[in-house]
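Take a look at the letters that make up each chain.
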Amino acid sequence: MKGSWVDVVVSREGRGRMRRYRNGKVAAVLAVVYAALVLLLGVISLVILLTVQDPILLTGVALVGVTFPLGWLIWWGWDLVPSHIANPVLLTVVLAGAGLLQAWLIWRIFRGRPVPGDGA
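Please read all numbers here as calculations on a predicted model, not as lab measurements. The numbers attached to residues start from 1 for each chain and follow its sequence in the written order. In keeping with the model being predicted, local features are shown solely for residues with a pLDDT of at least 70 and side-chain atom pairs are shown and tallied solely at 80 or more, while totals for entire chains, interfaces and linings include all residues. Calculated side-chain values reflect all of the structure's heavy atoms, with hydrogen atoms and water omitted.

Describing the overall build of the chain
And then number 1: Helix and strand counts for the chain come out as five helices and two strands.
And then number 2: For the chain, the N- to C-terminal ordering of α and β elements is α-β-β-α-α-α-α.
And then number 3: Considering the chain as a whole, with its 120 residues, one finds that 31% of them fall into the buried category.
And then number 4: What makes two residues a contact is simply this: any of their non-hydrogen atoms within 4.5 Å. For the chain, long-range pairs separated by at least 24 residues make up 65% of all intrachain contacts whose partners lie at least 6 apart in sequence.
And then number 5: Accessible area of the chain: about 8,100 Å², with a carbon and sulfur share of 69%. Numbering goes from the N terminus for both helices and strands, where a helix is a DSSP run of H or I of at least four residues and a strand is a run of E of at least two. Working definition: with a 1.4 Å probe on protein chains only, accessible area under 20% of the residue-type maximum means buried, over 50% means exposed, and in between means partly exposed. Per-residue and other accessible areas were derived by the Shrake-Rupley procedure at a 1.4 Å probe size, with only the shown protein chains allowed to occlude residues.

Structural notes on the nonpolar core
And then number 1: The term nonpolar core refers to a set of buried residues drawn from Ala, Val, Leu, Ile, Met, Phe, Trp, Tyr and Cys, joined through side-chain atoms within 4.5 Å. In this structure, Val-38, Leu-63, Ile-74, Leu-91 and Leu-95 are the most contacted members of the largest nonpolar core, which totals 13 residues.
And then number 2: Within the residue set of this core, elements represented by two or more residues are α2 (24–51), α3 (58–66) and α5 (88–110).
And then number 3: In terms of residue count, the dominant contributor to this core is α5 (five residues).

Remarks on the packing of aromatic side chains
Within a pair of aromatic rings, the relevant descriptors are the distance that separates the centres and the angle that separates the planes.
And then number 1: A pair of aromatic rings is counted whenever rings of Phe, Tyr or Trp (Trp by its six-membered ring) have centres within 6.5 Å, and the orientation is called stacked for planes under 30 degrees apart, edge-to-face for over 60 and tilted otherwise. Taken as a whole and judged by the stated rule, the model has three aromatic pairs.
And then number 2: On the numbers, 6.4 Å between centres and 85° between planes, the contact of Tyr-21 with Trp-107 is edge-to-face. Remark: Trp-107 occurs in helix α5 and Tyr-21 occurs in the loop between β2 (16–17) and α2; sequence separation between them is 86 residues. When sorted by exposure, Tyr-21 lands in the same class as Trp-107, which is buried.
And then number 3: Their ring planes at 80° and their centres at 6.2 Å tell us that Phe-68 and Trp-72 sit as a pair that is edge-to-face.
And then number 4: The exposure class of Trp-72 is partly exposed, given its relative accessible area of 32%.
And then number 5: Through a chain of ring-to-ring contacts, three or more aromatic side chains come together here, namely Phe-68, Trp-72 and Trp-76.
And then number 6: Across the ring face of Tyr-21, the terminal group of Arg-111 is positioned such that the distance to the ring centre comes to 4.0 Å. Cation placement over rings: the criterion is NZ of Lys or CZ of Arg within 6 Å of the ring centroid and within 35° of the ring normal.

Observations concerning α5
And then number 1: In this scheme, a helix's expected span is set at 1.5 Å multiplied by one less than its residue total. For α5, built from 23 residues, the straight-helix expectation of 33 Å at 1.5 Å per residue is met to within 8% by its first-to-last C-alpha distance of 32 Å.
And then number 2: Where α5 is buried, its residues touch α2, α3 and α4 (70–77).
And then number 3: Residues adjacent in sequence count toward polar contacts only when both atoms are side-chain atoms; beyond that, a polar contact is any pair of N or O atoms within 3.5 Å, and within protein one must be able to donate a hydrogen and the other to accept it. The residue sitting at the N-terminus of α5 and contributing the capping side-chain oxygen is Asn-87; that oxygen lies 3.1 Å from the backbone nitrogen of Val-89.
And then number 4: Positive phi appears at Gly-112, one or two residues downstream of α5, with a value of about 80°.

Right, dumping it as structure tokens:
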């Protein structure tokens, strides 16, 4: 996969060269696929919420499941949000944000240790 988009994601950063990691490419692919799934479910849920008069959100339920464990914590704690600001659109945006945070964590956790001799 030399010269692919994965190399660009793993080997470059805005300020310079990033260290290479043992599992960096695999972790980057996992994180990007997970983030794309979260964004897809979030966008579909928002479109349904904003366009359908009486929406049944199976995509919203799927978004809660995909963003486990943070999605479940947000879902269970949503009753604590004041009722004048709690709405399904905000919940969907918060769930998608939690999913993107988890995508970043997936990359950070699964990338492994830096390869020796490949400094920043």
